[in-house]
Amino acid sequence: MKWFLDHLDEVGSLLVTHAVLAVIPLVIGLMLAIPLGWLARRYRGLRTPLVAGTGLLYTIPSLALFILMPLVLGAGILNPLNVVVALTIYTVALLVRTVADGLAAVPDEVTQAATAMGIGRVRRFFTVDLPLAVPVIAAGLRVAAVSNVSIVSVAALLGIEQLGSLFTDGFARNFLDPIIVGILACMVLAVALDLAIHWLTRVLTPWQRAGRAA
Amino acid sequence: MNLLWEWLADPAHWQGADGIPVRTLEHLLYSAITLVLAAVVAVPLGLWIGHTGKGRVLVVNLVNGMRSVPTLGLLFVAVLVAGPLLAGNIAFLVPAIFVLVILAIPPILAGAYAGVESVDPSARDAARGMGMSPRQLLFDVEIPCALPLLFSGLRSAALQVVATATIAASVSVGGLGRFLIDGQAYRDYGQMAGGALLVALLAVLVDLVFAGVQRLVVSPGLSAPRATGRCRRSIRRLIPST
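These numbers come from a predicted model, not from an experiment.

Counting its secondary structure elements, chain B contains 11 helices and 0 strands. Order of helices (α) and strands (β) in chain B, N terminus to C terminus: α-α-α-α-α-α-α-α-α-α-α. Dimensions of chain B along its principal axes, counting C-alpha atoms only, are 70 × 40 × 25 Å. Every one of the 242 residues in chain B was classed for burial, and the buried ones make up 45%. By sequence separation, contacts in chain B at least 24 residues apart represent 73% of the contacts at least 6 residues apart.

The next thing to look at is the overall build of chain A. In terms of helices and strands, chain A carries 10 helices and 0 strands. With the C-alpha coordinates aligned to their principal axes, the bounding extent of chain A is approximately 70 × 45 × 20 Å. By residue count, 40% of the 214 residues in chain A fall in the buried class. Nonlocal contacts in chain A, meaning residues at least 24 apart in sequence, comprise 69% of its contacts between residues at least 6 apart.

Let us now look at the environment of A:I160. Residue and element names in this part refer to chain A. Tracing the chain through its elements places I160 in the loop between helix 7 (121–154) and helix 8 (164–172). Note on I160: 21 C-beta atoms within 10 Å, which makes it buried. Sequence separation between I160 and T98 is 62 residues; the distance between their C-alpha atoms is 30 Å. Not counting residues within four places of it along the chain, the set of residues in contact with I160 comprises L78, P80, V83 and A155.

With that out of the way, let us pick up the interface of chain B and chain A. On the chain A side, the residues contacting the 30 residues of chain B number 33 residues. Those elements that place two or more of their residues in the side of chain B that touches chain A are helix 4 (71–82), helix 7 (134–167), helix 8 (177–185) and helix 9 (189–217) of chain B. Ranked by the residues each element gives to the side of chain B that touches chain A, the list is headed by helix 9 of chain B, at 10 residues. Of the residues belonging to the side of chain B that touches chain A, the class tally is 22 nonpolar, 6 polar and 2 charged.

Turning next to unusual backbone geometry. Residues and elements named next belong to chain B. We note that S172 has phi near 65°; this positive angle belongs to a residue other than glycine. Along the chain, the position of S172 falls in the loop between helix 7 and helix 8. In this model, R187 sits at a positive phi of 55°, which is unusual for a non-glycine residue. Note that R187 resides in the loop between helix 8 and helix 9.

Residue and element names in this part refer to chain A. Among the secondary structure elements, T54 is positioned in helix 3 (residues 44–58). T54 sits 120 residues away from N174 along the chain, and the two C-alpha atoms are 39 Å apart. In contact with T54, other than residues within four places in its own chain, are V92, A93 and V96.

Moving on, we come to the environment of B:G153. All names here are of chain B. Take G153: it is sitting in helix 7. For G153, a count of 27 C-beta atoms within 10 Å puts it in the buried group. The sequence separation of G153 and A110 amounts to 43 residues, and the corresponding C-alpha distance is 6.7 Å. Filtering out sequence-adjacent residues up to four positions away, G153 remains in contact with P107, I108, A110, G111 and A112.

Let us look at the nonpolar core. All names here are of chain B. By size, the foremost hydrophobic cluster in this structure holds 129 residues, and its most contacted members are L75, L100 and I108. Considering every element that reaches this core, the biggest residue donor is helix 5 (residues 90–117), with 16 residues. With near-sequence residues (within four places) excluded, L100 lies in contact with Y30, T34, V161, T164, A165 and A168.

A few words on the packing of helix 8 of chain A against helix 4 of chain B. It is at 9 Å that the axes of helix 8 of chain A and helix 4 of chain B come closest, and there the two elements cross at 15°. Put simply, helix 8 of chain A runs roughly parallel to helix 4 of chain B. Remark: the crossing between helix 8 of chain A and helix 4 of chain B carries left-handed chirality. Together, A:G164, A:F167, A:G170 and A:F171 of helix 8 of chain A and B:L72, B:G73, B:F76 and B:L80 of helix 4 of chain B make up the contact between the two elements.

What follows deals with the packing of helix 6 (residues 121–129) of chain B against helix 7 of chain B. Residue and element names in this part refer to chain B. Relative to each other, helix 6 and helix 7 sit at 160°, their axes nearing to 10 Å. On the basis of the axis angle, helix 6 is roughly antiparallel to helix 7. In this structure, helix 6 meets helix 7 at a crossing whose hand is right-handed. On helix 7, the residues that touch A123, R124, A127 and R128 of helix 6 are L137, V141 and C145. Tallied by class, residues from the contact of helix 6 with helix 7 come to 5 nonpolar, no polar and 2 charged.

This next bit is on helix 5 of chain B. Residues and elements named next belong to chain B. For helix 5, spanning 28 residues, the distance from its first C-alpha to its last is 39 Å, which sits close to the expected 40 Å at 1.5 Å a residue. In helix 5, a bend of some 30° at I105 exceeds every other bend along the element, and P106, a proline, comes one to four places later. With respect to burial, helix 5 is a largely interior element, 21 of its 28 residues being buried.

The next point concerns the confidence of the model for chain B. Residues and elements named next belong to chain B. Mean pLDDT for chain B: 84, with 90% of residues reaching 70 or above. Confidence scores differ between elements of chain B, with helix 11 (residues 232–238) showing the lowest mean pLDDT of 42 and helix 2 (residues 20–52) the highest of 92. pLDDT under 50 marks residues 226–242. Its contacts with residues more than four places away, or in other chains, come to 26 contacts. Taken over the whole predicted complex, pTM reads 0.86, whereas the ipTM for its chain interfaces reads 0.85.

The rules behind each value
Residues numbered from 1 in each chain as written. Chains lettered and ligands numbered in written order. Predicted model: local features only at pLDDT ≥ 70, side-chain atom pairs only at ≥ 80, totals over all residues. Helix = DSSP H or I, 4+ residues; strand = E, 2+ residues; numbered from the N terminus. Buried ≥ 20, exposed ≤ 12 C-beta atoms within 10 Å, placed from the backbone. Contact = placed C-beta atoms within 7 Å. Nonpolar A, V, L, I, M, F, W, Y, C, P; charged D, E, K, R; others polar. Core = buried A, V, L, I, M, F, W, Y, C linked by C-beta atoms within 7 Å. Axes fitted to C-alpha atoms, helices over the stretch in contact; angles between N-to-C directions. Parallel < 35°, antiparallel > 145°, perpendicular 65-115°, else oblique. Left-handed = near helix turned anticlockwise from the far one by under 90°. Expected span 1.5 Å × (residues − 1). Bend = angle between axes of the 7 residues up to and from the residue. pLDDT = per-residue confidence, 0-100.

Have a look at this one:
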């Protein structure tokens, strides 16, 4: 506890870096997964290669992916860009399937009604299909958010600064306090992201609450 | 890129106690020990929870909660706390395996539990109606029906264990992670990238093996894509056709 109070600023700035490294891939990954998930849903034949292909990338252990990234990106091993791209890959891998499932769960009557009302395909996707798929996508996004927070900390083994640096520092000095503080800070961040997505889902799907209140 | 191929092509890296074959075997050995230990704990517990319906909330929260615990931190805490109590090489290995087991339990538990819970209630009723004892119901109906989800739980646990065993090299145990960690220490990118490539291949291979086993073990009546009402066919098979 004393260690934490003495190093409040340091922990705070590591927490911010950690949050940035975890959230950017989440946003980019979601934006990539939506069109890919749509393709997987729209064209049956593409589903297996898309889901299996991204699933294969997901099996690569995080530390290995962080190390292999410079070969693809050409950036130095200490560049946080490697972490961002690697985590984006994991996020896309998790979400492509979720987006496809979410879109598939939209009731046929609803899409037919929208078409009958003269809503074009593009507009229907953004105003009908996608909003109705939000709860399913959000569930996948919460899993991705929480696991991103944990995976970012592994990058400390390569010397990329974030909350994981508290683990490596503490371990090198045989000192538990920073490690415990780091674990708790990671968990707090994971819970905060989880709640944020939960709240965002509620805001985006007002009809779910309206149904319950009536 | 060249550094990577040079490192992999060097015959010296393919022999001896710190060569690629030995490190791969170590990695597989740690992973296998972990999976067996975790399965011994989690499979019966998961089946029991699914069978009785007790402790369901616990499983869901455990699985979600464990996901938010950073693996690396847990590993370091375990080694710093348990290390001084043990002597020699096992001072690192035992806590590392312990953490791996802790991480492997939730997915296996969830798979076993969800597998039993997903059994069609009418299949369960039919089995009871045929006069099956609770024991027969569990072993002849619920477990066979639970196999697909049970195996997908084992598969995701295996993946997690192979990945985390790599990170465990940072607490001085063997396995392929050694190349990644030692390469980093010696500023030898060829070794790091070579090791990383091997780890990635191993993980993909393990996943494929599990996918294959899953296909072999699971009853064809269950894996048929359009089977409505799970387990209907395996129930039918229990009834002697006259």
